Amino acid sequence: QVQLVESGGGLVQPGGSLRLSCAASGSIFSIHVMGWYRQAPGKQRELVATITSVGMTKYADSAKGRFTISRDNAKNTVDLQMNSLKPEDTAVYYCNAGGVLVAGTLHEYWGQGTQVTVSS
């Protein structure tokens, strides 16, 4: 039984910052990649940033220079520091864990999401 729980979302003014956190729990041996995705109303879910167990990162072009992803392998957590937020960043942000080794097999998991609203 594996669960991802996000936290840190909320309402922020344009130019402000938020830090999202996600914790994976359960009988997890390892997680290859953890990341953040977002989905705005009427749009498809899109990648924001990912990070592998060895620290290799990937960012959406819209996030580069503004967002920073980090993780703690020992705690199975991943954070997303979001700076210089724009109204177009408004979305539900979902935590993702891929290549999750559980009981000898690999799985993918999603959190339930946390709302980020950037507005004056």
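Scroll up to find the structure this text is about.
Residues numbered from 1 in each chain as written. Predicted model: local features only at pLDDT ≥ 70, side-chain atom pairs only at ≥ 80, totals over all residues. Heavy atoms only, no water.

Enquirer: I tried to follow the state of the cysteines on my own but got confused; where do I start?
Expert: Tallied over the entire structure, the rule returns 1 disulfide. Between the sulfur of C22 and that of C95 lies a disulfide, 2.0 Å long from S to S. Linking C22 and C95, the disulfide has an S-S dihedral of approximately -85 degrees and is accordingly described as left-handed. Residue C22 is located in strand β3 (residues 18-25), and its partner C95 is located in strand β9 (residues 91-102); the two are separated by 73 residues in the primary sequence. (Disulfide = S-S within 2.5 Å. Helix = DSSP H or I, 4+ residues; strand = E, 2+ residues; numbered from the N terminus.)

Enquirer: What am I meant to see in the pairing of strand β11 (residues 114-118) here?
Expert: Within a regular strand, the side chains alternate between the two sheet faces. Burial of β11 is one-sided: the residues T114, V116 and V118 facing one way are buried, the residues Q115 and T117 facing the other way are not. Bridge count between strand β2 (residues 10-12) and β11: 3 bridges; the pairing is parallel. Bridge pairing in β11 places G10 opposite V116. As paired elements, β9 and β11 share 3 bridges and run antiparallel to each other. Looking at the pairing, Y93 lines up with T114 of β11. (Buried < 20%, exposed > 50% of the residue type's maximum accessible area, 1.4 Å probe, protein only. Pairing = 2+ DSSP bridges.)

Enquirer: Any chance you could explain the sheet that holds strand β1 (residues 3-7) here in plain terms?
Expert: Hydrogen bonds along the backbone pair up the strands of a sheet, which may run parallel or antiparallel. Read from one edge of the open sheet, 4 strands run β1-β3-β8-β7, paired in antiparallel fashion. Where the open sheet ends on each side, the last strands, each with one partner, are β1 and β7 (67-72). Looking at each pair of strands side by side, their axes are set apart by 15 degrees on average, direction ignored. As judged from the 6 bridges shared by β3 and strand β8 (residues 77-82), these two strands associate in the antiparallel manner. Looking at β8, one finds that R19 is bridged to Q81. (Axes fitted to C-alpha atoms, helices over the stretch in contact; angles between N-to-C directions.)

Enquirer: Looking at this structure, how should I read the nonpolar core?
Expert: Soluble globular proteins: nonpolar side chains tend toward being buried together. In terms of nonpolar packing, the biggest core is built from 31 residues, with W36, V48, F67, V78, L80, M82 and Y93 touching the most fellow members. At the level of elements, β3, β4 (30-39), β5 (46-52), β7, β8, β9 and β11 are the ones that each hand at least two residues to this core. Broken down by element, the residue count for this core peaks at 6 residues, all from β9. (Core = buried A, V, L, I, M, F, W, Y, C linked by side-chain atoms within 4.5 Å.)

Enquirer: Looking at this structure, I do not really get the packing of aromatic side chains. What am I missing?
Expert: Centre-to-centre distance and the angle between the planes together describe a pair of aromatic rings. One pass over the full model with this rule turns up 1 aromatic pair. Both rings, one in Y37 and one in W110, keep their centres 5.0 Å apart while their planes meet at 65 degrees; by these two values the pair is edge-to-face. With Y37 in strand β4 and W110 in strand β10 (residues 105-110), this pair connects stretches of sequence that are 73 residues apart. Against the face of Y94 rests R45, its NZ or CZ located 3.7 Å from the ring centre. Directly above the ring of W110 sits R45, whose terminal nitrogen or CZ lies 4.6 Å from the centroid. (Phe/Tyr/Trp six-rings, centres within 6.5 Å; stacked < 30°, edge-to-face > 60°. Lys NZ or Arg CZ within 6 Å of the ring centre and 35° of its normal.)

Scope: geometric values only; no functional claims are made or implied.
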